[in-house]
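Single-letter residue listing:
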Amino acid sequence: MAALNVEYVNPFLAGAVKVLHDFGIEAKIGKPSVKKDVAFVKDSLIIMIGVTGEMKGQVMIAFQNEVACEIASKMMMMPVTEMNEMSTSAICELGNMILGNSATIFSTKGIGIDITPPAVCFGDVVFSTSYAANVSIPLTLEDGKVIEINVSIKGE
C-alpha cells in the first residue's frame, strides 16, 4: 500500500472548509488518522468521488443523515427533513464543489487532477483499500456535528 503524502490531503480540507463557509457553515479540522478499513454506521450517507490525472484514488465525504439534511437545507434554502432524490442531489453537488475547489488548489501547485461524477452510498458499510493509505479527517461543525473526509490518493 502506498503511503499518502500530507500535501495531497490539505487541498481537500481547504476545499471543504471553503465550500462549507460559503454556505454559512463553519468547520474546524480535527486530528487525522490512518484507517485501513473505513466503517460507516447505518445512519450514514457517503459521497464517493474518484480522482484521476497526476494523482489517482478516491475521496469519501461521510455524513450522518441528520447532518446531510441540515447542510442540504442550507444549500437549498428550504427545510429538508429526509434524504430524498433532490436533497441527495444537493449533497452530491456539495461533493463536486469541494473536489472542484480542491482541483483548483492543486492546479496552483502545478498538479492536474480530474474528478469523476459522485456515487452515493447509504447505510452500514465498510470500505477497504489496498491502493493507497486512507487518511480520515473529521470536520467538526459549530454545533458539534461531524463530517468525515476520507482521502485515499497517490501520485504518479
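Above this text is the structure in question.
Quantities reported herein were computed from a predicted structural model and do not represent experimental measurements.

Caption draft 1: Seen up close, the pairing of strand 5 (residues 55–64). For strand 5, the tally of buried residues reaches seven of 10 residues, placing the bulk of the element in the interior. Where strand 4 (residues 44–53) lies against strand 5, eight bridges are found, and the strand directions are antiparallel. Pairing of glycine 50 across the sheet is with glutamine 58, part of strand 5. Turn length for the strand 4-strand 5 hairpin, with the two strands adjacent in sequence and antiparallel, is one residue. As judged from the eight bridges shared by strand 5 and strand 10 (residues 146–155), these two strands associate in the antiparallel manner. Residue pairing in the sheet places lysine 56 in a bridge with lysine 154 of strand 10.

Caption draft 2: Geometry of the packing of aromatic side chains. Applying the stated criterion to the full structure yields two aromatic pairs. Look at phenylalanine 12 and phenylalanine 106: their rings are 5.3 Å apart centre to centre, the planes differ by 65 degrees, and that puts the pair in the edge-to-face class. Pair noted here: phenylalanine 12 is in helix 1 (residues 10–22) and phenylalanine 106 is in helix 3 (residues 85–108), with a separation of 94 residues, a long-range link. Judged by relative accessible area, phenylalanine 12 falls into the buried class, the value being 1%. The exposure class assigned to phenylalanine 106 is buried, which follows from its relative accessible area of 0%.

Caption draft 3: Structural detail: the nonpolar core. Core analysis: the largest hydrophobic core is formed by 43 residues, its most contacted members being Phe63, Ile71 and Ile147. Listing elements by their share of this core, those giving two or more residues are helix 1, strand 4, strand 5, helix 2 (65–76), helix 3, strand 9 (134–141) and strand 10. With eight residues, the top contributor of residues to this core is helix 3. In this view, phenylalanine 63 contacts Asp43, Ser44, Leu45, Ile47, Ala68, Ile71, Ile91, Leu94 and Ile147; residues no more than four positions away in its chain are not counted. The next biggest cluster of nonpolar side chains, apart from the first, holds seven residues, and it includes Val38, Met60, Ala62 and Val125.

Caption draft 4: Geometry of unusual backbone geometry. Despite not being glycine, methionine 77 shows a phi value in the positive range, around 55 degrees. Within the element layout of this structure, methionine 77 appears in the loop between helix 2 and helix 3.

Caption draft 5: Local environment of the packing of helix 1 against helix 3. It is the contact of helix 1 with helix 3, at a shortest axis distance of 8 Å, that shows an interaxial angle of 130 degrees. One element, helix 1, and the other, helix 3, form an angle in the oblique class. Read as a crossing pair, helix 1 and helix 3 show a hand that is right-handed. Contacts between helix 1 and helix 3 involve Pro11, Phe12, Ala14, Gly15, Ala16, Lys18, Val19 and Leu20 from the former and Leu94, Met97, Ile98, Leu99, Asn101, Ser102, Ile105 and Phe106 from the latter.

Thresholds applied
- Residues numbered from 1 in each chain as written.
- Predicted model: local features only at pLDDT ≥ 70, side-chain atom pairs only at ≥ 80, totals over all residues.
- Heavy atoms only, no water.
- Buried < 20%, exposed > 50% of the residue type's maximum accessible area, 1.4 Å probe, protein only.
- Helix = DSSP H or I, 4+ residues; strand = E, 2+ residues; numbered from the N terminus.
- Pairing = 2+ DSSP bridges.
- Phe/Tyr/Trp six-rings, centres within 6.5 Å; stacked < 30°, edge-to-face > 60°.
- Core = buried A, V, L, I, M, F, W, Y, C linked by side-chain atoms within 4.5 Å.
- Contact = heavy atoms within 4.5 Å.
- Axes fitted to C-alpha atoms, helices over the stretch in contact; angles between N-to-C directions.
- Parallel < 35°, antiparallel > 145°, perpendicular 65-115°, else oblique.
- Left-handed = near helix turned anticlockwise from the far one by under 90°.

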